[in-house]
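The lines below spell out each chain.
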2 protein chains.
Amino acid sequence: MAQIAFADRVASAVAERESQILLGLDPDPLHLWDVAADAFGGDGSPAERAARAVAVHCRALIEAAAPACVGIKPQLACFERLGGPGYGALVEVIATAHDAGLFVLADAKRGDVAVTATAYAQALAGSVATPAGEVTALGADAFTANPLLGIDALEPLIATGAGVFLLVRTSNPGAADVMDLELARGGPLWERLAELVDELGTPRECGLADVGAVVGATEPEHLARARELMPHAIFLLPGIGAQGGRVEDLAPAFAPGPAAGLVAASRSIAGAHAQNGHGPAAAARAEAERLRELAWALT
Amino acid sequence: MAQIAFADRVASAVAERESQILLGLDPDPLHLWDVAADAFGGDGSPAERAARAVAVHCRALIEAAAPACVGIKPQLACFERLGGPGYGALVEVIATAHDAGLFVLADAKRGDVAVTATAYAQALAGSVATPAGEVTALGADAFTANPLLGIDALEPLIATGAGVFLLVRTSNPGAADVMDLELARGGPLWERLAELVDELGTPRECGLADVGAVVGATEPEHLARARELMPHAIFLLPGIGAQGGRVEDLAPAFAPGPAAGLVAASRSIAGAHAQNGHGPAAAARAEAERLRELAWALT
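As the structure is a computational prediction, the values presented were derived from the model and not from experiment.

A. Focus on the relation of the copies chain A and chain B. Superposing chain A onto chain B requires a rotation of 180 degrees together with a translation of 0.0 Å along the rotation axis, leaving an RMSD of 0.0 Å. Expressed as an axis order, the relation between the two copies is that of a two-fold axis.

Here it is in structure tokens:
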């Protein structure tokens, strides 16, 4: 069975759902929705109970926001801090998203030498052979990765066939410390990272490539230049809402087509009830829908 | 109780054990020691059985090599690919190492914006508050991290008080693609990363800092320059053995003292029996001891 390329699957999903919104999931056990409160009781270690609560919270959040979204972006750190049970909760959350017709972009920002990158590829989007049978850990459709270690370290990630979103210019203030360093050949380091993304990706039927780029939404002045350097890359655009980025500024990302930009929002959706006074689920759905309309209007 | 700084704890441990060797743990479920074979049978999912076998293998390896080592360096990817049970196995392996008097350097190469870096810090070397109680996931003494996202992304990692080893110049061939890029100010990117390590670390009583550097042992010509730029950093030196690096070439790393270099070896220790014909445990112990003597002779 020929597998449909990641980029083509995203392009179809975006067109069908008329959404470029990724629901970010970065659950903090002290700030979950009320629906998760009961799960902290009952049997098990603190990690097991907290992980159960996190899974309930994320499931409720996915059910609320799914109609306005095309995928989820779980932040792996937030599950890993609950150990083995947290990892188990992440697996449940991924299954919930898949059941809701959403794709899963694991925000992992991994990067390691080739032999280890192969193991990360197996963990995130592949499987590993064992004498007890094949093991699939996360089964994500895509993930974020760090390009600092160079091309040979990225090849095993790309070979998965999953979407691989390389960090090019992130949304934090400190991003300037390294990514904006001026190179002897001219231009900042992040432009060289952008070229790597372009070199490593092959345009699929939809015109977009399976190798994408993380370009922070907090620095819109970079977007036009980033698009010039990466005409075929899907941009993952974090930094909307809590970090100060505005959907309205993202138009250059969408120049190649509606699926060329994915807008990730987490705290602004999960915490929308603090602003608008509705229950968390209704508020999350309304905020996700508001973002969906804003982004869709740009395409 | 005042906590003893990471660098001072390493300096004491190195002096006491007369070893700078880190036992690398990157278990492949298809190539475990025979002692682990039975664990693949019995109850549970393939992931649970494989994780049990990995834990048995790592425990045997730690018991065999511990006398010649000062710490372990588990490769997180290799546990994560077995999902929640793999993460649980890693927790067991860390406890085994601590019981054997070894410190734990989690090879994670994490790097993310500050809010997420805080969650990684909690996962790797801290704990997270939950309504069900405080949860400690790994409880490592140190970990590796990726500096691409800049200083504000590193601060939450360093604030843990754990040892933080930043990637400066890795041991893979592709490291040249990005880390060797020439900067407009002169010198390659990795030298700027080295300066960051030096700026972020404060020398402790022993003269070394809690912020260390990953400098591949496969490019010994970089070591002297790296030491010049980072006079107080502990160097984590991967790439010995399977990747082609030689302990004999590492002298510049140890210039500030015996604890200024940590030599990581994994496949060459776990797979020593393929070369020397003894049983795996005896061969691993002999190889770890051989490396220990070679490194100790440099100091």
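B. A look at unusual backbone geometry. Here the phi dihedral of Glu18 of chain A falls at roughly 50 degrees; this positive angle occurs in a residue that is not glycine. Looking at where Glu18 of chain A falls in the secondary structure, it is placed in the loop between helix 1 (6–17) and strand 1 (21–25). For Lys109 of chain B, which is not glycine, the phi dihedral falls at a positive 50 degrees. Examined against the element boundaries, Lys109 of chain B turns out to sit in strand 3 (residues 103–110).

C. Quick peek at the layout of surface pockets. Estimated volume of the largest pocket: approximately 700 Å³. Contributing to the lining of the largest pocket are 39 residues, with Ser266, Arg267, Ser268, Ala270 and Gly271 of chain A lying nearest its centre. For the lining of the largest pocket, the secondary-structure elements that each account for two or more residues are strand 1, helix 2 (46–65), helix 10 (267–270), helix 11 (272–276) and helix 12 (280–296) of chain A together with helix 5 (114–125) of chain B. Sorting elements by how many residues they give to the lining of the largest pocket places helix 12 of chain A first, with 6 residues. Residue composition of the lining of the largest pocket, by class: 16 nonpolar, 15 polar and 8 charged. Counted as a void, the second largest pocket has a volume near 440 Å³.

D. Just the environment of Asp8 of chain A, in detail. All names here are of chain A. You can see Asp8 is positioned in helix 1. Taking the C-alpha atoms as reference, Asp8 lies 8.5 Å from Asp210; in sequence the two are 202 residues apart. Not counting the four nearest positions on each side in its chain, Asp8 is found in contact with Arg204, Glu205 and Cys206. In this structure the side chain of Asp8 is engaged in a polar contact, spanning 3.4 Å, whose partner is the backbone nitrogen of Glu205.

E. Quick peek at the interface of chain A and chain B. Taken residue by residue, the interface counts 67 residues in chain A and 67 residues in chain B. Buried surface at the junction of chain A and chain B, both sides included, amounts to about 5,300 Å², of which 68% is carbon and sulfur. When the buried area of chain A at its contact with chain B is split by residue, Arg81, Ala132 and Leu148 of chain A rank highest and sum to 13% of it. Counting across the chain A and chain B interface gives 4 salt bridges. In this structure, Lys109 of chain A engages Asp112 of chain B in a salt bridge whose closest nitrogen and oxygen atoms are separated by 3.0 Å. Our count for the chain A to chain B interface comes out at 23 residue pairs in polar contact (both at pLDDT 80 or more). When residues of the side of chain A that touches chain B are traced back to their parent elements, those giving at least two are helix 2, helix 3 (76–80), helix 4 (83–99), strand 3 (103–110), helix 5 (114–125), helix 6 (151–158), helix 7 (175–179) and helix 8 (189–200) of chain A. At 6 residues, the largest contribution of residues to the side of chain A that touches chain B is made by helix 5 of chain A.

F. Broad picture of the packing of helix 5 of chain B against helix 6 (residues 151–158) of chain B. All names here are of chain B. The geometry of helix 5 relative to helix 6 is characterised by a closest axis approach of 8 Å and an angle of 25 degrees between their N-to-C directions. With respect to helix 6, the element helix 5 is oriented roughly parallel. Like other packed secondary-structure pairs, helix 5 and helix 6 cross with a definite hand, here right-handed. Here Ala114, Ala117, Thr118, Tyr120 and Ala121 of helix 5 lie close against helix 6, whose contacting residues are Asp152, Ala153, Pro156 and Leu157. Classifying every residue of the contact of helix 5 with helix 6 by side-chain character gives 7 nonpolar, 1 polar and 1 charged.

G. Structural view of the pattern of salt bridges. Residue and element names in this part refer to chain A. Overall, the coordinates contain 34 salt bridges over all chains when judged by the stated rule. Between Arg59 and Glu92 there is a salt bridge, with the nearest N and O atoms lying 3.2 Å from each other. A residue pair is termed long-range when its members are at least 10 positions apart, and Arg59 in helix 2 and Glu92 in helix 4 qualify at 33 residues. Take Glu92: its relative accessible area is 41%, and that puts it in the partly exposed class.

H. Local environment of the sheet that holds strand 6 (residues 211–215) of chain B. Residues and elements named next belong to chain B. One closed barrel accounts for 8 strands, arranged 1-2-3-4-5-6-7-8; its pairing is parallel. Strand after strand, the sheet turns through a mean of 30 degrees between neighbouring axes, direction not considered. As paired elements, strand 7 (residues 235–237) and strand 8 (residues 261–265) share 3 bridges and run parallel to each other. Residue pairing for strand 8: Leu237 is matched across the bridge by Val263. With respect to the sheet, helix 5 is in contact with strand 3 and strand 4 (142–145), its orientation differing from that of strand 3 by roughly 150 degrees.

I. Summary view of the side chain of Asp107 of chain B. Structurally, the position occupied by Asp107 of chain B is in strand 3. Residue Asp107 of chain B is classed as buried on the basis of its relative accessible area, which comes to 3%. Looking at Asp107 of chain B, its side chain comes within polar contact range of the side chain of Thr144 of chain B, at 2.7 Å. Discounting residues that sit within four places of it in the chain, Asp107 of chain B has contacts with Asp112 and Tyr120 of chain A together with Lys73, Pro74, Gln75, Leu76 and Thr144 of chain B.

J. Structural view of helix 5 of chain A. Residue and element names in this part refer to chain A. In this model, helix 5 (12 residues) spans 16 Å end to end at C-alpha, consistent with the 16 Å of a helix rising 1.5 Å per residue. The buried fraction of helix 5 amounts to 9 of the 12 residues, a majority that puts the element mostly inside the structure. Buried residues of helix 5: Thr116, Ala117, Ala119, Tyr120, Ala121, Gln122, Ala123, Leu124 and Ala125, and no others.

Definitions and limits used
- Residues numbered from 1 in each chain as written.
- Chains lettered and ligands numbered in written order.
- Predicted model: local features only at pLDDT ≥ 70, side-chain atom pairs only at ≥ 80, totals over all residues.
- Heavy atoms only, no water.
- Least-squares fit on C-alpha atoms with pLDDT ≥ 70 in both.
- Helix = DSSP H or I, 4+ residues; strand = E, 2+ residues; numbered from the N terminus.
- 1 Å grid on protein atoms, 1.4 Å probe; cavity = no way out; pocket = protein on both sides within 12 Å on 5 of 7 lines; lining within 4 Å.
- Points joined across faces, edges and corners; volume = space filled by probe spheres on them.
- Nonpolar A, V, L, I, M, F, W, Y, C, P; charged D, E, K, R; others polar.
- Contact = heavy atoms within 4.5 Å.
- Polar contact = N/O pair within 3.5 Å; in protein donor to acceptor, adjacent residues only side chain to side chain.
- Buried area = accessible area lost by both parts, 1.4 Å probe.
- Salt bridge = Lys/Arg side-chain N within 4 Å of Asp/Glu carboxyl O.
- Axes fitted to C-alpha atoms, helices over the stretch in contact; angles between N-to-C directions.
- Parallel < 35°, antiparallel > 145°, perpendicular 65-115°, else oblique.
- Left-handed = near helix turned anticlockwise from the far one by under 90°.
- Buried < 20%, exposed > 50% of the residue type's maximum accessible area, 1.4 Å probe, protein only.
- Pairing = 2+ DSSP bridges.
- Expected span 1.5 Å × (residues − 1).

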